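Below, each chain spelled out in residue letters.
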Amino acid sequence: MTLRQRKFLGIPIMIVIIIVYATIGMLIYERFLTGAHNLILLVYFVVVGTGWFFPAAWTIKWMSARPHELPPSQD
């Protein structure tokens, strides 16, 4: 897969990851944390708010692989 193809696929993948992650975070909040103490909510939102970074960083790393890191072309 070329670098251009990886970027073409990576952008929609990242958008889906962020939407799914935000939806799961919202569902957890609504199901378990509605009415919780403010300190618990602060910790939850800090963790969840920064947690999307890890799947997004992996996707960005995959999208921007250097040419010598890409597997050989099957052309």
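Heads up: these notes are all about the structure in this document.

Cut-off values and rules
- Residues numbered from 1 in each chain as written.
- Predicted model: local features only at pLDDT ≥ 70, side-chain atom pairs only at ≥ 80, totals over all residues.
- Heavy atoms only, no water.
- Helix = DSSP H or I, 4+ residues; strand = E, 2+ residues; numbered from the N terminus.
- Contact = heavy atoms within 4.5 Å.
- Areas by Shrake-Rupley, 256 points an atom, 1.4 Å probe, with all protein chains shown as cover.
- Buried < 20%, exposed > 50% of the residue type's maximum accessible area, 1.4 Å probe, protein only.
- Arc of directions from axis to C-beta.
- Axes fitted to C-alpha atoms, helices over the stretch in contact; angles between N-to-C directions.
- Parallel < 35°, antiparallel > 145°, perpendicular 65-115°, else oblique.
- Left-handed = near helix turned anticlockwise from the far one by under 90°.
- Phe/Tyr/Trp six-rings, centres within 6.5 Å; stacked < 30°, edge-to-face > 60°.

Right, let's talk about the overall build of the protein chain for a bit. Helices and strands together make up the secondary structure of the protein chain, namely three helices and zero strands. The helix and strand sequence of the protein chain, counted from the amino end, reads α-α-α. At a minimum sequence separation of 6, the contacts of the protein chain that also span at least 24 residues come to 74%. When the accessible surface of the protein chain is summed, it comes to about 6,200 Å², and 73% of that surface belongs to carbon and sulfur atoms.

Residues three or four positions apart in an α-helix share a direction because the helix packs 3.6 residues into each turn. Within helix 3 (residues 53-63), burial applies to Ala56, Thr59 and Met63. Projected down its long axis, helix 3 carries its buried residues within an arc of 60°, all on one side. Looking at helix 3, the residues exposed on the side facing more than 90 degrees away from the buried face are Phe54, Trp58 and Lys61. Elements that come into contact with the buried residues of helix 3 comprise helix 1 (3-33).

Let us now look at the packing of helix 1 against helix 2 (residues 38-51). Following both chains from N to C, one finds helix 1 and helix 2 inclined at 165°, their axes separated by 10 Å at the closest point. In terms of axis orientation, helix 1 runs roughly antiparallel to helix 2. In the crossing of helix 1 with helix 2, the sense of the turn from one axis to the other is right-handed. Residues Tyr21, Gly25, Ile28, Tyr29 and Leu33 of helix 1 form the contact with helix 2, whose participating residues are Ile40, Leu41, Tyr44, Phe45, Val47, Val48 and Gly51.

Taken as a whole and judged by the stated rule, the model has three aromatic pairs. Each ring, one from tyrosine 29 and one from phenylalanine 45, has its centre 5.3 Å from the other, and the planes form 45°; the classification is tilted. Placement of the pair is tyrosine 29 in helix 1 and phenylalanine 45 in helix 2, with a sequence separation of 16 residues. Taken together, the aromatic side chains of Tyr29, Tyr44 and Phe45 make up a single cluster linked through ring pairs.

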